Amino acid sequence: MINIKYMQPFTKISRRASENQDCWNLSCTTCGSMELMKRYSRLGHISHTYRFDRSAHNNSINSQNKMLRNLGEINLVELIKYSKFPDWLGHIGLLLNACQEAENELKIVSESFLSQILEICPNNSYAFEIAQEMKSSGEVLTPEKLGRFEGDLHDIANSYKDIN
Ligand SMILES: [Zn+2]
């Protein structure tokens with residue numbers, strides 16, 4: 001039984017965006033991923049009128065920092081359970097792209113995402129190996145680099161589906 005009340009804000013958004021089939025294609029010029037960016041703007045509580053853009057250089061550093069804190073709290077296990085793969089990975093990528101300048105400085109998402117990968121992926125998996133490498137070299141996560149984890153996360157997402 002799913003209890004939406006206790007779900008993290010990002011999980012709720014990801015779940016709803018997936019149900020609505022909101023576009024998360026970073027290079028889409030048709031809609032500019034508008035629906036998702038609207039949802040994110042509300043999540044960030046940046047202001048009533050401010051529209052968070054998917055390109056970091058169009059967002060103030062202050063708003064990027066605020067948004068990064070939300071991204072740092074993402075719980076991958078919850079996402080795997082309640083949202084759809086690969087949608088949620090795309091949702092993270094889109095938002096990360098919008099905060100990339102702040103992330104390059106603070107590495108909040110990199111730290112949180114890679115640590116969780118090490119917890120949920122088997123230690124003989126490709127994803128585990130890559131996460132360990134990136135962590136020890138202090139490499140910053142980018143939307144493109146998220147793609148490296150897609151194969152293993154796909155398997156894990158499937159195995160959760162079988163249990164539930
Ligand atoms: Zn689109």
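See the structure shown above.
## Some words on the overall build of the chain
So, step 1. Across its full length, the chain carries ten helices and zero strands.
So, step 2. Tracing the chain from N to C terminus, the helices and strands come up as α-α-α-α-α-α-α-α-α-α.
So, step 3. Taken over the C-alpha trace, the chain has a radius of gyration of 15 Å; the compact-globule value for 164 residues is 15 Å, and the two agree within 12%.
So, step 4. Structurally, the chain occupies a C-alpha span of about 45 × 40 × 30 Å along its principal axes.
So, step 5. Expressed as a percentage of the 164 residues in the chain, the buried residues total 35%.
So, step 6. Excluding contacts between residues fewer than 6 apart, the proportion of contacts in the chain whose partners are at least 24 apart in sequence is 68%.

## With respect to unusual backbone geometry
So, step 1. With an omega dihedral of 5°, the bond running from F85 to P86 counts as a cis peptide bond.
So, step 2. A positive phi angle, close to 55°, is found at Q21, a residue other than glycine.
So, step 3. Within the secondary structure, Q21 sits in the loop between α1 (9-19) and α2 (34-44).
So, step 4. Residue class for Q21 comes out exposed when judged on the 10 C-beta atoms lying within 10 Å of it.
So, step 5. Phi is positive for S33, close to 50°, though the residue is something other than glycine.
So, step 6. Looking at the secondary structure, you find S33 in the loop between α1 and α2.
So, step 7. The class of S33 is buried, set by 25 C-beta atoms lying within 10 Å.

## A few points about the packing of α1 against helix α5 (residues 87-98)
So, step 1. Orientation of α1 relative to α5, taken along the N-to-C sense of each, is 115°, at an axis distance of 10 Å. The two elements α1 and α5 meet at a crossing, and its hand is right-handed. Side by side, α1 and α5 meet where S14, A17 and S18 of the first sit next to D87, W88 and H91 of the second.
So, step 2. A class-by-class count of the residues in the contact of α1 with α5 yields two nonpolar, three polar and one charged.

## A few points about α1
So, step 1. For α1, the set of buried residues is F10, T11, I13, S14, R15, A17 and S18.
So, step 2. Immediately beyond the C-terminal end of α1, within one or two residues, lies Q21, with a positive phi of roughly 55°.

## Re the packing of helix α3 (residues 61-72) against helix α7 (residues 108-120)
So, step 1. Two elements in contact, α3 and α7, have axes separated by 9 Å at closest approach and are oriented at 5°. The orientation of α3 relative to α7 falls into the category roughly parallel. Here α3 contributes L68, L71 and G72 to the contact with α7, which in turn contributes I108, V109 and S112.

## Looking at the nonpolar core
So, step 1. The biggest cluster of nonpolar side chains holds 35 residues, and the ones touching the most others in it are M67, L71, L95, L96, C99 and I117.
So, step 2. Elements supplying a minimum of two residues to this core: α1, α2, α3, α4 (76-82), α5, α7, α8 (126-137) and α10 (150-163).
So, step 3. The biggest single contributor to this core is α5, with seven residues.
So, step 4. Beyond its immediate stretch of four places on either side in the chain, L71 contacts L95, L96, C99, I108 and V109.

## Section: the environment of Y160
So, step 1. Considering the arrangement of structural elements, one finds Y160 in helix α10.
So, step 2. Residues Y160 and V77, spaced 83 residues apart in sequence, show a C-alpha to C-alpha distance of 9.2 Å.

## Side note on the environment of E73
So, step 1. Mapped onto the elements, E73 comes out in the loop between α3 and α4.
So, step 2. The exposure class of E73 is partly exposed, given the 13 C-beta atoms found within 10 Å.
So, step 3. The spacing of E73 and S125 is 52 residues in sequence and 24 Å in space, taken between C-alpha atoms.

## Observations regarding α8
So, step 1. Taking 1.5 Å per residue, twelve residues should reach 16 Å; α8 reaches 17 Å between its end C-alpha atoms and fits that length.
So, step 2. G138 lies just past α8 and shows a positive phi near 70°.

Criteria and cut-off values
Residues numbered from 1 in each chain as written. Predicted model: local features only at pLDDT ≥ 70, side-chain atom pairs only at ≥ 80, totals over all residues. Helix = DSSP H or I, 4+ residues; strand = E, 2+ residues; numbered from the N terminus. Rg over C-alpha atoms; globule rule 2.2 N^0.38 Å. Buried ≥ 20, exposed ≤ 12 C-beta atoms within 10 Å, placed from the backbone. Contact = placed C-beta atoms within 7 Å. Axes fitted to C-alpha atoms, helices over the stretch in contact; angles between N-to-C directions. Left-handed = near helix turned anticlockwise from the far one by under 90°. Nonpolar A, V, L, I, M, F, W, Y, C, P; charged D, E, K, R; others polar. Parallel < 35°, antiparallel > 145°, perpendicular 65-115°, else oblique. Core = buried A, V, L, I, M, F, W, Y, C linked by C-beta atoms within 7 Å. Expected span 1.5 Å × (residues − 1).

These figures come from the coordinates and say nothing about function on their own.
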